[in-house]
Structures are given as structure tokens and as C-alpha cells.
Amino acid sequence: DDDDDDNNNNNKKCKWETGPEGEEDNRYPGFCEGLKTIKTAKSRSSAGCKAECCASEECNGWQYRGDLGCRHATRKHHGWCEPTAPSPWTGRELLVRDDDAADAASASGENCSWKKKEKRSQCKGLGPRRPKGGPYWTTPEECARDCCAHSECRIWQFREDKGCFWGKASYCDTEDGMYAWEPFKGGKKLAAS
């Protein structure tokens, strides 16, 4: 297949950062913010996306997943990358906070009702791991109480390997479809040879 030959030839020009087990296409398993979307005939697969990055002078990294397609990191288009692959969170969005509750109830975080639909996908913009200054919360119940006790909190999320986060979300990743929990393919270009 001509496309496979082109991809192999393009990939041979570049050196890629490798992981602890020598892999070079699994450097960015979580979503990377701010990358430039690439829509060409060759970029419709992870191998094609990597080849397009290698062939591009401005590309210094690439990321691919079937639902979002090919995305390249450049000096202008780059951002923070989630270091872990997508996996479900426990969390809820605020339905009602009883602002008329006594100060003691307010401080305990027991005066909130939460929407029934769980927020399983990662929400961005929630702020630092909670509580600030540690020790960090270790259960979803502690996270929900802490969120409820702070008037600026509208949503909380907890994951055992990540901890508790709460605040006002900028947006939440998708939790629908076949790609919701699939890791991204991606790599960082070190130098052209």
C-alpha cells in the first residue's frame, strides 16, 4: 500500500522520545490541550498522523484518537497534557445548596443536593487538588462535603489515583461513545535525521 510506504519513509526521518519500555507512540495517553487539528488524507490514522508530524518542520509532537483525529503540537499550538489515559471519575454537579442553613450546617458541608447523573468524565478547570495544603481527601464523601462547604463550588470529582477536585468546570470530556475511555496515541519529536 502506497500510504504505508509513505508513512514508513516519513517516520524514518525522525527520532521520537521513548518511554521506559522503549515505546514511542504512547507518550501522551491523556488529552493534550491546545493542539492544532490536522485534516489531510494521510492524517486519518495514528501512523499517518505521526508521519505528517515527521514531515512537518513546525510539528514537535502529535496525538491521535479516532474521535478527535490527528492533532499536532507546534510552538504556537501546545499545552498541558494529562499524563494518564482517560478513566472514569466519581462526581456530581450541584443541584441545590441550602443557603439558609445555619452556619454550622454550612461549614459541615451537609446542606447540598446533587444532580442524579454522575460526572464520570474528567472536568477541566476545577482548581487544585483538595483540600489545599493537604492532607488530601481520600474518599468521594469527603470531597462532596468539602465542595458543599464552599459557596464557589458547583461540581466535585474524585478518583482514587488522582484525589479530590472541585470548583466551576470550564468543560468536561465526553463520556459517551466508543472512544470515551480509550487512551490517545502520541509522541514527541526529538530531532530530524
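Nothing here was measured: the structure is a model prediction, and the numbers come from that model.

Conventions adopted
Residues numbered from 1 in each chain as written. Predicted model: local features only at pLDDT ≥ 70, side-chain atom pairs only at ≥ 80, totals over all residues. Heavy atoms only, no water. Helix = DSSP H or I, 4+ residues; strand = E, 2+ residues; numbered from the N terminus. Contact = heavy atoms within 4.5 Å. Areas by Shrake-Rupley, 256 points an atom, 1.4 Å probe, with all protein chains shown as cover. pLDDT = per-residue confidence, 0-100. Buried < 20%, exposed > 50% of the residue type's maximum accessible area, 1.4 Å probe, protein only. Pairing = 2+ DSSP bridges. Salt bridge = Lys/Arg side-chain N within 4 Å of Asp/Glu carboxyl O.

Peer 1: Can you help me understand the overall build of the protein in this one?
Peer 2: Secondary structure assignment for the protein yields 4 helices and 11 strands. Pairs at least 24 residues apart make up 68% of the contacts formed inside the protein by residues separated by at least 6 positions. With an accessible surface of roughly 11100 Å², the protein has 47% of that area assigned to carbon and sulfur atoms.

Peer 1: Explain the confidence of the model for the protein to me, please; I cannot follow it from the model alone.
Peer 2: As a general rule, the predicted coordinates of low-pLDDT regions are not to be interpreted in detail. On average, the protein scores 87 in pLDDT, and the residues at 70 or more come to 87%. Across residues 1–11 the pLDDT falls below 50, and counting only partners more than four positions away or on other chains, this stretch makes 13 contacts in the model. Here residues 101–107 scores under 50 on pLDDT; set against residues more than four positions off or in separate chains, the count is 6 contacts.

Peer 1: Help me understand the pairing of strand β4 (residues 69–73), please; the structure alone is not making it clear to me.
Peer 2: Within a regular strand, side chains alternate between the sheet's two faces. By the criterion of burial, β4 is predominantly enclosed, with 5 of the 5 residues buried. Across 3 bridges, the pairing between strand β2 (residues 36–38) and β4 is antiparallel. Across the sheet, K36 pairs through a bridge with H72, a residue of β4. Here strand β3 (residues 61–65) runs beside β4; their pairing, made up of 5 bridges, is antiparallel. Within β4, the residue paired with W62 across the bridge is H72.

Peer 1: So what exactly am I meant to see when it comes to the environment of R154 here?
Peer 2: For R154, the position within the fold is in the loop between α4 (140–148) and β8 (155–159). Sequence spacing of R154 and R92 is 62 residues, and the spatial spacing of their C-alpha atoms is 8.8 Å. Non-local contacts of R154, meaning those with residues more than four positions away in its chain, are made with E93, L94, R97, C147, G167 and K168.

Peer 1: Which parts of the structure should I look at to understand the pattern of salt bridges?
Peer 2: When charged atoms on two side chains of opposite charge get close, those side chains can pair. Under the defined criterion, the tally for this structure stands at 10 salt bridges. In this structure, the salt-bridge partner of E58 is K36, at a minimum N-O distance of 3.0 Å. Placement of E58 in the loop between α2 (46–55) and β3 and of K36 in strand β2 is noted, with a sequence separation of 22 residues between them. Judged by relative accessible area, E58 falls into the partly exposed class, the value being 45%.

Peer 1: Can you walk me through unusual backbone geometry in this structure?
Peer 2: The general pattern is negative phi for most residues beyond glycine and trans for most peptide bonds. Cis geometry is adopted by the peptide bond preceding P131, which originates at R130 and carries an omega value of -10 degrees. Mapping P131 onto the fold places it in the loop between β7 (123–124) and α4. In this model, G134 is joined to P135 through a cis peptide bond whose omega is -5 degrees. Along the polypeptide, P135 turns up in the loop between β7 and α4.

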